[in-house]
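Here are the chains, one letter per residue:
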Amino acid sequence: MKRFDVIVGDITQSDAQAIVNAANETLLGGGGVDGAIHRAAGPELLEECRAIGGCPTGEARLTTGCRLRAKYIIHTVGPVWHGGQQGEPALLASAYRSCLELAAAHGITTVDFPSISTGVFGYPVMQAATVAERAILAFLEDHPEMHQVRMVCHREETARIYRQMYNFWFAATKADRLDVEHKG
Ligand code: APR
C-alpha cells in the first residue's frame, strides 16, 4: 500500500476510515463535493454539523460518517481564490494539516481528501496540488502511525495534475520513503 496516492473516484464511496469534506464556514452544506457528501451521508449529518456551529477557513471539525462507509467525516474550509496574494497558500496548507492533525488525534490511520478549494472556490489545480502534496507529505514524514492518505479526484484531468505535480516536486526525494508497503 502506498502511503500517499492519487486516485480517480467518488469520495462518498471511499473505504478509508475518514473522508474530508471541502465545506464552507457555515458547515451547513452546499454544492460540489459538500453536496454529494451530505446527500450520501443522510440528513443526520446536517444535524451534527449544525451542533458544531461553523468552522473558520483553514481549520477542521469532525463528525461521524453517518450512512457512509467511512467512519468519520472531517470537514474543512479551504480558501476562496482571490489571485494568490491574500494568504491562500497558507490557508490551504493549514486546511490539509488541520484535517490530518484531527485524524491523528482520533487514532484515524487512513484519510481520503478531495481536491479542496479547486471547484467553486476557484483555486488553480496546479498550485493547489503543490500546496496539498507538500502539506500531506510533510505530515506523513512526521507521523509514521498514519498509514495512508489519498487524493480522490472526481475527474481524471484533476488526478493527472496531482500526479504530475507529485512527480515534478516530490517523487525523487520521497519515493523511497512513501512508495513502499506500510510495515505497521
Ligand atoms: N468525490 C470527489 N471529488 C468531488 C466529488 C466527489 N463526489 N464531487 C466534486 N468533487 C471535486 C470537484 O471536482 C473539485 O475538484 O471536489 C473538488 C472541490 O470542488 P468543490 O466541491 O466545489 O469545493 P471547493 O472548491 O472547496 O468549494 C467549496 O463549495 O459547495 C460548496 O459548500 C461548499 O461553499 C463550499 C464550496
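A brief report on the enclosed structure follows.

Rules of the game
- Residues numbered from 1 in each chain as written.
- Predicted model: local features only at pLDDT ≥ 70, side-chain atom pairs only at ≥ 80, totals over all residues.
- Heavy atoms only, no water.
- Helix = DSSP H or I, 4+ residues; strand = E, 2+ residues; numbered from the N terminus.
- Rg over C-alpha atoms; globule rule 2.2 N^0.38 Å.
- Buried < 20%, exposed > 50% of the residue type's maximum accessible area, 1.4 Å probe, protein only.
- Contact = heavy atoms within 4.5 Å.
- Areas by Shrake-Rupley, 256 points an atom, 1.4 Å probe, with all protein chains shown as cover.
- Lys, Arg positive; Asp, Glu negative; His and termini not counted.
- Charge placed at Lys NZ, Arg CZ, Asp CG, Glu CD.
- Pairing = 2+ DSSP bridges.
- Axes fitted to C-alpha atoms, helices over the stretch in contact; angles between N-to-C directions.

### Remarks on the overall build of the protein chain
Counting its regular elements, the protein chain contains five helices and six strands. Counting helices and strands in the order they occur from the N terminus, the protein chain gives β-β-α-α-β-β-α-β-α-β-α. Against the compact-globule benchmark of 16 Å for 184 residues, the protein chain has a radius of gyration of 15 Å, which places it among compact chains. Dimensions of the protein chain, computed from the C-alpha atoms along their principal axes, are close to 45 × 40 × 30 Å. The buried share of the protein chain, taken over its 184 residues, is 49%. Counting only contacts in the protein chain whose residues sit at least 6 apart along the sequence, the fraction spanning at least 24 positions is 71%. As displayed, the protein chain has an accessible area near 8500 Å², and 54% of this comes from carbon and sulfur atoms. Taken as two groups, the 17 positive and 21 negative side-chain charges of the protein chain have centres that lie 2 Å from each other.

### Some points on the sheet that holds strand 2 (residues 18–22)
A sheet is described by the order of its strands in space; here six strands give the open sequence 1-6-5-2-4-3, paired in mixed fashion. Single-partner strands in this sheet number two, and they are strand 1 (4–8) and strand 3 (60–64). If you compare each strand with its neighbour and ignore which way they point, the axes differ by 25 degrees on average. Across five bridges, the pairing between strand 2 and strand 4 (residues 72–76) is parallel. What sits directly across from Asn 21, in strand 4, is His 75.

So, to be careful, I would describe these as geometric facts and stop short of saying anything about function.
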